[in-house]
Each structure stands twice: as C-alpha cells, then as structure tokens.
Amino acid sequence: LNPNHANAYSNLGNVLIDLGKLQDAEKSYRKAIELNPDFADAYSNLGNVLRDLGKLQDAEKSYRKAIELNPNHANAYSNLGNVLKDLGKLQDAEKSYRKAIEINPNHANAYSNLGTTLKDLGKLQDAEKSYRKAIEINPNYVNAYSNLGTTLKDLGKLQDAEKSYRKAIELN
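Residues numbered from 1 in each chain as written. Predicted model: local features only at pLDDT ≥ 70, side-chain atom pairs only at ≥ 80, totals over all residues. Heavy atoms only, no water.

Looking now at the overall build of the protein chain. Scanning the protein chain from terminus to terminus reveals 10 helices and 0 strands. Along the protein chain, helices (α) and strands (β) appear in the sequence α-α-α-α-α-α-α-α-α-α when read from the amino end. C-alpha extents for the protein chain along the principal axes are approximately 60 × 30 × 25 Å. For the protein chain, the residues scored as buried account for 42% of the 172 residues in total. Across the protein chain, every contact between residues at least 6 apart in sequence was considered, and the portion connecting residues at least 24 apart equals 44%. Carbon and sulfur atoms form 45% of the exposed surface of the protein chain, whose accessible area is close to 9100 Å². Within the protein chain, the 22 negative side-chain charges are centred at a point lying 2 Å from the centre of the 24 positive side-chain charges. (Helix = DSSP H or I, 4+ residues; strand = E, 2+ residues; numbered from the N terminus. Buried < 20%, exposed > 50% of the residue type's maximum accessible area, 1.4 Å probe, protein only. Contact = heavy atoms within 4.5 Å. Areas by Shrake-Rupley, 256 points an atom, 1.4 Å probe, with all protein chains shown as cover. Lys, Arg positive; Asp, Glu negative; His and termini not counted. Charge placed at Lys NZ, Arg CZ, Asp CG, Glu CD.)

Here it is in structure tokens:
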C-alpha cells in the first residue's frame, strides 16, 4: 500500500474537522491508520476528534498510541494532558504537559494548559508562572492573558489582574 494514501486520508480528516464533520474525520483518520499503522500523527489527530466527540477513553488510547510510535510527539503529550484533565486525572495531566514542554520548550499551549491544571490543583503561584511563560512564547495568546488574570485575582494581585484582563480584551 502506498503510504501517501495514508497522508491523504489524514489530511482529509484535518479538512473534515475544519468543516465540522467530526464522524467523517474519525473515519478518515482510521483509514489513514489502517493504511499506515505506524502513523503517529494520524493517531494524535484521531485522538483530537475523539475528544471532540466526547469519547475520552478512546482519545486517551489514541494519544498513548501516538506517543508509543513517536516518544517525542510533544503535541500528543499536550493533547493527552487535555483529555486526562477532562477525565479528572489532574496529576497525570500535569505530568503530560510537563513532558510536552520538555520535548518542546516553546509549546505555548502546553504551558497555558499546564497553568490551568496547576490552578485546578491549587498551585496558584506555579500557574501564574506557567501562564506568563505561555505569554512570553506567544505574546498574542488571549486565553493565557485571561487565565492569568483569573489566577492573579485569586492571588489578590488585583491591579495585575486588571492589566491582564485588559490585554486579553485588547487582543481579542
């Protein structure tokens, strides 16, 4: 079988997601994996669509398979963190985000999602640092500014919270 066909199915899946056709995207990623069982990106993308469809355990399995196939897949670790957080496994989510950051120190999404998880774990100072790092990497990251604002408010840093919220509004 031609592995390019697997790429075509995976790319089709990406477009189908953009079109909101999640079930069709799932089928397309599964076809890509059938054609190329070692296609880590297709497993990671399948995990994304499964999460969007609310199939959280299946999404977790798909991300773990992507990581098994490519242990340096930072996005798969970050996305695994998201689904673990959805499943209420906050400590495991934290570890997964930290692994994504270890692989790719410029992964702004992983830093921001780590911040949210740390906030949920009651580690507000660490959450603040994580949001600030996400913003350092991506100065236009609206959600990181907004989440930083909430964390600063919870820390009693009201003037800094106001600045962060205003920046989020300005960027939005």
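Past the structure itself, the notes keep going.
The next thing to look at is the packing of helix α9 (residues 142-154) against helix α10 (residues 158-171). Geometrically, a packed helix pair is captured by the angle between its two axes and the distance between the axes. Running from N to C, α9 and α10 cross one another at 160 degrees; their axes reach a closest spacing of 8 Å. Put simply, α9 runs roughly antiparallel to α10. The handedness of the crossing between α9 and α10 is left-handed. When α9 is examined against α10, the residues Val142, Tyr145, Ser146, Leu148, Gly149, Thr150, Leu152 and Lys153 are found in contact with a partner set consisting of Leu158, Asp160, Ala161, Ser164, Tyr165, Lys167, Ala168 and Leu171. In terms of residue class, the contact of α9 with α10 is built from 9 nonpolar, 4 polar and 3 charged. (Axes fitted to C-alpha atoms, helices over the stretch in contact; angles between N-to-C directions. Parallel < 35°, antiparallel > 145°, perpendicular 65-115°, else oblique. Left-handed = near helix turned anticlockwise from the far one by under 90°. Nonpolar A, V, L, I, M, F, W, Y, C, P; charged D, E, K, R; others polar.)

What follows deals with the nonpolar core. Counting residues in each nonpolar core, the largest one holds 44 residues, and the members touching the most others are Leu46, Val49, Leu80 and Val83. Here the element with the most residues in this core is helix α2 (residues 22-35); it accounts for 6 residues. (Core = buried A, V, L, I, M, F, W, Y, C linked by side-chain atoms within 4.5 Å.)

Let's shift gears to the pattern of salt bridges. A complete count under the given rule lists 18 salt bridges for this structure. For Lys119, the salt bridge goes to Asp154, with nearest N and O atoms at 3.1 Å. With Lys119 in helix α7 (residues 108-120) and Asp154 in helix α9, this residue pair connects regions lying 35 residues apart in the sequence. A salt bridge links Glu162 to Arg166; its shortest N-O distance comes to 2.9 Å. With Glu162 and Arg166 both in helix α10 and 4 residues apart, this pair spans about one turn of that helix. Taking relative accessible area as the criterion, Glu162 reaches 39% and is therefore assigned partly exposed. Judged by relative accessible area, which is 55%, Arg166 ranks as exposed. (Salt bridge = Lys/Arg side-chain N within 4 Å of Asp/Glu carboxyl O.)

All right, on to the side chain of Ser62 then. Along the chain, Ser62 falls in helix α4 (residues 56-69). Assessed through its relative accessible area of 5%, Ser62 is described here as buried. What Ser62 contacts, discounting residues up to four positions off in sequence, is Tyr43, Leu46, Gly47 and Leu50.

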